[in-house]
Amino acid sequence: MAELQLKNITLTYGNNPVLQNFALQVPDGELVSLLGPSGCGKTTTLRIIAGLLQPDSGQILVDHNDIANVPVYKRQFGMVFQSYALFPHLTVWDNVAFGLKQQKIAVTEINQRVTDTLALVGLENLVGKYPHQLSGGQQQRVSLARALSSKTAFTING
């Protein structure tokens, strides 16, 4: 785990300011929920943390290191989308391992992380199944396992 800080994050879509000098500090080991009405910037904030959006200004710090220019695949953040975003052509195992393979993690570590994470979410007996063969709750747990296997996770609803 690591401390996360957002400092003076500003993002504007056209003439519409979405975030203005937004600040957030999440100490190591803390759980934080972002709550608010539609359009207030919750998803935008999470997309900035993940690296899917670049803020107009501000800093994104993980353990006091600015990660604003670190590519998405090197940030070690996992996301659980509201729609799960599972790859329909990949098995449970391969869905969870996908991001780890993209990070070029050693095969033995991938195997260990996938095994441990699937056990954590209670899906170790479904490794060869495809998303269409799973219940909604099982699909949700696969998505969660994929995010958790990256070590750092947060949720994006939207």
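Just so it is clear, the model here is predicted, and its values are computed rather than measured. Once a new chain begins, its residue numbering starts again from 1 and follows that chain's sequence as written. The predicted origin of the model limits local features to residues at a pLDDT of at least 70 and limits the giving and counting of side-chain atom pairs to 80 or more, whereas totals for whole chains, interfaces and linings rest on all residues. Computation of side-chain values: all heavy atoms of the structure, hydrogens and water removed.

## Description of the pattern of salt bridges
Salt bridges are defined as contacts in which a side-chain nitrogen from Lys or Arg sits within 4 Å of a carboxyl oxygen from Asp or Glu. If you walk through the whole model with that rule in mind, you get two salt bridges. Between K101 and D94 there is a salt bridge, with the nearest N and O atoms lying 3.6 Å from each other. Exposure categories follow from relative accessible area, calculated using a 1.4 Å probe and restricted to protein chains: below 20% of the type maximum is buried, above 50% is exposed, and the middle band is partly exposed. The exposure class of K101 is partly exposed, given its relative accessible area of 44%. By relative accessible area, D94 is classed as partly exposed at 26%.

## Examining the side chain of Q5
Assignment of secondary structure puts Q5 in strand β1 (residues 4-13). Contact definition: two residues touch when any of their heavy atoms are within 4.5 Å. Aside from chain neighbours lying at most four places away, what touches Q5 is L24, Q25, Q59, I60, L61 and H64. Every helix listed is a DSSP run of H or I at least four residues long, and every strand listed is a run of E at least two residues long, numbered separately from the N terminus.

## Considerations on the packing of aromatic side chains
Classification of ring pairs uses Phe, Tyr and Trp, with its six-membered ring standing for Trp, and accepts pairs whose centres are within 6.5 Å; under 30 degrees between planes counts as stacked, over 60 as edge-to-face, and the remaining range as tilted. Here the structure, examined in full by the defined rule, presents one aromatic pair. Where F87 meets F98, the ring centres are 4.6 Å apart and the plane angle is 50 degrees; that geometry is what we call tilted. Taken together, the residues F87 in the loop between β5 (77-81) and α2 (92-102) and F98 in helix α2 connect sequence positions 11 residues apart. Overall, the relative accessible area of 27% leaves F87 in the partly exposed class. Take F98: its relative accessible area is 32%, and that puts it in the partly exposed class.

## Here we look at α2
Restricting attention to buried positions, one finds in α2 the residues V92, N95, V96, A97 and L100. In this fold, the buried residues of α2 make contact with α3 (107-120) and α4 (136-148). Of the residues trailing α2, K104 is marked for its positive phi of about 60 degrees.

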